[in-house]
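Chain residues, written in single-letter form:
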Amino acid sequence: MRIPHKIDLHMHSSVSDGSDSPAQLLDRVKEVGLQLFALTDHDAIKGCVTMLELLREGDPAFLPGAEFSCRDEKGKYHILGYGYDPRAESIRQLVETGHGMRMRKLRARLDFLRERFGVSFPEEELRWLMAQDNPGKPHIGNLMVKYGYARSKEQAIKEYINQLHIRSDFLRPEQAIAGILGAGGIPVLAHPSYGDGDQLILGEEMDQRLRWLMERGLQGVEAYYSGFTGKLNREMLDFAQRYGLYVTAGSDYHGKNKMIALGDTGLEDAAEGPEGLRRFLDQVRKEQPC
């Protein structure tokens, strides 16, 4: 089977911190000619449920996804889940837990900005913010620009919002992995080389991290990623081959909220798709025809 190179398995809609609605995202997917795509909103499956309702015969193949922000004593992780049953109780409980944590962090950030920097917003804006499915830093940053507290969303996040370090309220990676597996999905480590902040994880440290997560049920790595150099891509492919892990490819597209092009995964530069990606696609087609 020939692997299609027009794949993007990591993107976000307005259900989390992307700017495109699921309907707009589907239009963009068709515009750029993707053959297979997955929507991976943060701690949310609502966008995927909507996408499944929007799809029509002849549209690109779709794979339900999600991205869960996790942390434990060893560091920070983003765990992607693919091909799960959105009706399964384990994935719904995981989403509910992740959403609750996000809302608590949102309130903590708003309190911090008000007390530390005097940042405040009108009540109608706060009601709008609280009504979003999964509001995060970009939502607050955009409001700060709108009301003149920052020149750009990026400045708002870097110089203001990120001054508050919240470390206690996170899903643990084994929680996310168990929830994904319980719903019949495949857990994959997103952009594996990137840790917390500017941290770069390589070599023996990466080896230990992968083995630690594999013991908890991790099945794949996002070896193709928009932010990866050739060296990072090759290292992750080597690890995937060594441990028999699935391989995925994603851009991390957020629409206007990040300067990342839809479909920019690096996979099209590969002469031949890796075995780990071939096995991943075979597996998800068996579990859930795309």
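Everything in this summary refers to the structure shown in the same document.

What counts as what
- Residues numbered from 1 in each chain as written.
- Predicted model: local features only at pLDDT ≥ 70, side-chain atom pairs only at ≥ 80, totals over all residues.
- Heavy atoms only, no water.
- Salt bridge = Lys/Arg side-chain N within 4 Å of Asp/Glu carboxyl O.
- Helix = DSSP H or I, 4+ residues; strand = E, 2+ residues; numbered from the N terminus.
- Buried < 20%, exposed > 50% of the residue type's maximum accessible area, 1.4 Å probe, protein only.
- Core = buried A, V, L, I, M, F, W, Y, C linked by side-chain atoms within 4.5 Å.
- Contact = heavy atoms within 4.5 Å.
- Pairing = 2+ DSSP bridges.
- Axes fitted to C-alpha atoms, helices over the stretch in contact; angles between N-to-C directions.

**Brief notes about the pattern of salt bridges**
On inspection of all chains with the given rule, the structure shows 15 salt bridges. Salt-bridge contacts for E125 lead to K146; the nearest nitrogen and oxygen are separated by 2.6 Å. Taken as a pair, E125 in helix α4 (residues 123-131) and K146 in helix α5 (residues 137-146) lie far apart in primary sequence, 21 residues in all. On the basis of relative accessible area, E125 is assigned to the buried category, the value being 10%. Residue classification places K146 among the exposed residues on the basis of a relative accessible area of 56%. Of the charged contacts in the structure, one is a salt bridge between R172 and E174, with a shortest N-O distance of 2.7 Å.

**Comments concerning the nonpolar core**
Counting 65 residues, the largest nonpolar core has M11, F37, F68, I79, I91 and F280 as the members making the most contacts within it. When neighbours within four sequence positions are excluded, F280 is seen to be in contact with L9, L63, Y82, I186, Y246, V247 and T248. Core analysis: the second largest hydrophobic core is formed by 16 residues, L110, A150, A156 and Y160 among them.

**Some words on the sheet that holds strand β6 (residues 220-225)**
An order of β1-β2-β3-β4-β5-β6-β7 is seen for the 7 strands of this open sheet, with the pairing classed as mixed. With one partner strand each, in any of the chains shown, β1 (7-8) and β7 (246-250) form the two edges of the open sheet. Where strand β2 (residues 36-39) and strand β3 (residues 61-72) come together, 4 bridges link them in parallel fashion. Bridge pairing links F37 to F62 in β3. Packing of helix α9 (residues 230-243) onto the sheet brings it into contact with β6 and β7, and relative to β6 it is tilted by some 155°.

What is shown is where atoms sit, not what they do.
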